[in-house]
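Below, each chain spelled out in residue letters.
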Amino acid sequence: PKPPPTKPKDTENQSGMNDYGAPYDDYDPNHDYVGAGADDDDDDVYLISQSNIDGMMDDGAANVNNSANNPSSNVNFEDPQIAALPRILLMGPRRGGKTSIQHVVFQKMSPHETLFRLEPTLSLERSLVDHTTLCRFTIQDFPGDYYGEDMPEQAVFAGGPTSLIFVVDAQDEPYDLVLQSFTSVVTRALQVNPQITVEVFINKVDGELFLSDESKYDCRRDIMTQVTDELNDAGIPDGSLAIRYHLTSIYDHSIYEALSRVVQRLIPQLPTLENLLNVLTATCSMEKAYLFDVVSKLYISTDSGPVDMQSVELCSDMIDVVLDVSGIYGLPSSNNSESAAVSANSNGTASSSTGEDGNEEKAAENGEGDNEVGGGDPENPSAYDSETASVIRLSNGMVLYLKEVDTMLALVCITRAENFNRRSLINYNISCLKQALGAIVDVTNLSTSPDAAASTTGKTGNASSRAQQQLVEVAE
């Protein structure tokens, strides 16, 4: 933005302030100085001290939880049902990238916008992720270098399933002080909640220091060695705590892969979902199958086969294509809903080519003549509904197949073209999977008390067994 004009000294405003706020081009992330292109000799300088910020925090003016821009501002986190949900605790040093991770993945902010749109987190921020019934949890974003020392240990670490994500800035060496703080946090957490899962995000592995994979692996190995030594000194023997380390960056798909693995450990129905996908891939001769949260593009479950990062990125890109095309052609027009329905039912093919060898050339077939993309309830139109489906054929002979299976939950399958000829059989098997997921969702919605939650495993297992029997019969 253009710097604001400087008022003459002889005007009535002698406070040195102008009619505008501080411009972005002179923004200091440390909040020690914000000016309008001022020099050392310029009197029109705006100073924002940390005490003023603290005062604003006390007044609640800068509390994000009370902001209208925060989608979780109207959520009552003291509600027993909300408090019983799985939790993700984001901790780490200042400017480690905790808030950027949350905004990029769950609030769809562009990674480049985090450079100038996000300010340092000054208080504990809580948000609710409730896109689909099978994937509901809360996120607690702690300020940098604050680990809840002045809060009761039970309030920070105790409760239901909890995952502690400690974000380390890979570009901020040395890591000694940061890892000492991590050891202290883990020691406190284990005393209160021995079942807590611990994850370490080695973030910002996208700079000039990490141009090669070898440099990234060296950084992870150094951090793992230091953490092991620190935990041994703290009395936590090696092997007693399973800590997983992830190399992450908000500028590529690594952050989605890492958070997907974190969220999966918080889903109690994960074994049932994995069994269902195993049977589906076996009966339909599929290479891989994923259950994706459409909003965050995190896969909450997959079959027991090995996960290929490239295939996950293809499935994630497919979700973007489906949502973009559905948003254009899948919604009825307010002026001419009849013509929009015709557009939604029409067949369309879009091809693109990327890569040096041309192996990434693909053809997207959205809509198969039966309104598979868009449409939905005319009173409440949505770009993603129960009829959403899409097929993308890759040039290497593989096929990507997406089908809606639950609210904001999509099944994305990878199969060979020769195994995709019997699509009616695949659709029937997916419908059986969809019925089993519906039964699991119904049981999950009923499990609002501890007694009900204890019987959830048996009921979901019965639903899974019925679906598996139907799938096997179709294969025979």
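Below is a short write-up of the structure. (Residues numbered from 1 in each chain as written. Predicted model: local features only at pLDDT ≥ 70, side-chain atom pairs only at ≥ 80, totals over all residues. Heavy atoms only, no water.)

Spatial ordering of the open sheet is given by β4-β5-β3-β6-β7-β8, a layout of six strands whose pairing is mixed. Of all the strands in the sheet, just β4 (125-132) and β8 (243-247) have a single pairing partner and so form its edges. On average, each strand axis in the sheet is tilted by 20° relative to the strand beside it, whichever way the strands run. Bridge count for β4 against strand β5 (residues 135-141) is seven bridges, and the pairing is antiparallel. (Pairing = 2+ DSSP bridges. Helix = DSSP H or I, 4+ residues; strand = E, 2+ residues; numbered from the N terminus. Axes fitted to C-alpha atoms, helices over the stretch in contact; angles between N-to-C directions.)

Further remarks concern the pattern of salt bridges. In total, this model carries 14 salt bridges according to the counting rule given. A salt bridge links Asp218 to Arg221; the shortest N-O distance between them is 2.3 Å. Here Arg221 and Asp218 lie together in helix α7 (residues 213-233), a separation of three residues that amounts to about one turn. What makes Asp218 partly exposed here is its relative accessible area of 28%. Exposure remark for Arg221: the relative accessible area of 45% places this residue in the partly exposed category. Glu287 is the salt-bridge partner of Arg416, the closest N and O atoms lying 3.2 Å from each other. Residue Arg416 is found in strand β15 (residues 409-416), and its partner Glu287 is found in strand β9 (residues 286-293); the two are separated by 129 residues along the sequence. For Arg416, a relative accessible area of 37% corresponds to the partly exposed category. Its relative accessible area of 38% is what places Glu287 among the partly exposed residues. Connected through salt bridges with shared partners, the residues Glu199, Arg244 and Arg265 form a single ionic network. (Salt bridge = Lys/Arg side-chain N within 4 Å of Asp/Glu carboxyl O. Buried < 20%, exposed > 50% of the residue type's maximum accessible area, 1.4 Å probe, protein only.)

What follows is about the packing of aromatic side chains. Tallied over the full model, the rule gives eight aromatic pairs. Judged by centre distance (5.9 Å) and plane angle (55°), the ring pair of Tyr290 and Phe292 falls under tilted. Judged by relative accessible area, which is 0%, Phe292 ranks as buried. Connected via pairs of aromatic rings, a cluster forms that spans Tyr147, Phe166 and Phe182. (Phe/Tyr/Trp six-rings, centres within 6.5 Å; stacked < 30°, edge-to-face > 60°.)

Of all seven residues in β5, six are buried, a share of seventy percent or more. Hairpin remark: β4 followed by β5, antiparallel, with two residues in the connecting loop.

With that settled, the discussion passes to a negative patch on the surface. A surface patch of like charges, here negative, comprises Asp206, Asp252, Asp308, Glu313 and Asp317. Structurally, Asp206 is set in the loop between β7 (197-203) and α7. (Patch = residues over 30% accessible without salt bridge, like charges linked within 9 Å, V, L, I, M, F, W, Y side chains within 5 Å. Areas by Shrake-Rupley, 256 points an atom, 1.4 Å probe, with all protein chains shown as cover. Lys, Arg positive; Asp, Glu negative; His and termini not counted. Charge placed at Lys NZ, Arg CZ, Asp CG, Glu CD.)

Burial analysis of helix α3 (residues 98-106) places nine of its nine residues in the buried class, the great majority of the element. Of all the residues in α3, the buried ones are Lys98, Thr99, Ser100, Ile101, Gln102, His103, Val104, Val105 and Phe106. A positive phi of about 55° marks Lys108, the residue just after α3.

Turning our eyes to something else, we now look at the environment of Ala234. Looking at where Ala234 falls in the secondary structure, it is placed in the loop between α7 and β8. Take Ala234: its relative accessible area is 40%, and that puts it in the partly exposed class. Sequence separation between Ala234 and Val186 is 48 residues; the distance between their C-alpha atoms is 9.9 Å. Excluding anything up to four places from it in sequence, Ala234 contacts Thr183 and Thr187. (Contact = heavy atoms within 4.5 Å.)

Further remarks concern the packing of helix α9 (residues 270-283) against helix α12 (residues 423-446). When two helices pack together, you describe them by how their axes are tilted relative to each other and by the distance separating the axes. At their nearest, the axes of α9 and α12 sit 10 Å apart, and the two run at 170° to each other. The angle between α9 and α12 places the two elements in the roughly antiparallel class. On α12, the residues that touch Thr272, Leu273, Leu276, Leu277, Leu280 and Thr283 of α9 are Asn429, Ile430, Leu433, Ala436, Leu437 and Ile440. The residue makeup of the contact of α9 with α12, split by class, is nine nonpolar, three polar and no charged. (Parallel < 35°, antiparallel > 145°, perpendicular 65-115°, else oblique. Nonpolar A, V, L, I, M, F, W, Y, C, P; charged D, E, K, R; others polar.)

Time to look at the environment of Met398. Summarising the element assignment, Met398 is placed in strand β14 (residues 398-406). Spatially, the C-alpha atoms of Met398 and Ile414 are 6.9 Å apart, while their sequence positions differ by 16 residues.

Each α-helix turn comprises 3.6 residues. Residues three or four places apart therefore point the same way. In this model helix α10 (residues 309-329) runs 30 Å from its N-terminal to its C-terminal C-alpha over 21 residues, within 8% of the 30 Å that 1.5 Å per residue would give. Residues of α10 that are buried include every one of Ser311, Val312, Leu314, Cys315, Ser316, Met318, Ile319, Val322 and Ser326, and no others. (Expected span 1.5 Å × (residues − 1).)

A contiguous nonpolar surface patch, about 330 Å² in accessible area, is contributed by Leu115, Phe116 and Tyr251. Mapping Leu115 onto the fold places it in helix α4 (residues 114-117). Under the relative-accessibility criterion, Leu115 is labelled exposed at 62%.

Contact geometry for α3 and helix α8 (residues 254-264): axes closest at 11 Å, N-to-C directions at 90°. What the angle tells us is that α3 and α8 run roughly perpendicular. Contact residues: α3 offers Ile101, Val104, Val105 and Phe106, while α8 offers Ile255, Tyr256 and Leu259. When the residues that make up the contact of α3 with α8 are grouped by side-chain class, the tally is seven nonpolar, no polar and no charged.

What follows covers the nonpolar core. Grouped together as the largest cluster of nonpolar side chains are 48 residues, with contacts concentrated most on Phe201, Leu259, Leu291, Leu411 and Leu437. Examining the composition of this core, we find that seven residues originate from one element, α12, more than from any other. With residues near it in sequence (within four places) discarded, Phe201 still touches Ile101, Ile165, Phe166, Val167, Val168, His246, Thr248, Ile255, Ala258, Leu259 and Val262. Core analysis: the next-biggest nonpolar cluster, separate from the first, contains 32 residues, Val198, Val200, Ile236 and Ile243 among them. (Core = buried A, V, L, I, M, F, W, Y, C linked by side-chain atoms within 4.5 Å.)

Take the side chain of His253 next. With respect to the helices and strands, the residue His253 is situated in the loop between β8 and α8. By relative accessible area, which is 11% here, His253 ends up buried. If we skip the residues at most four places from it in the chain, His253 touches Met309, Val312, Glu313 and Ser316.

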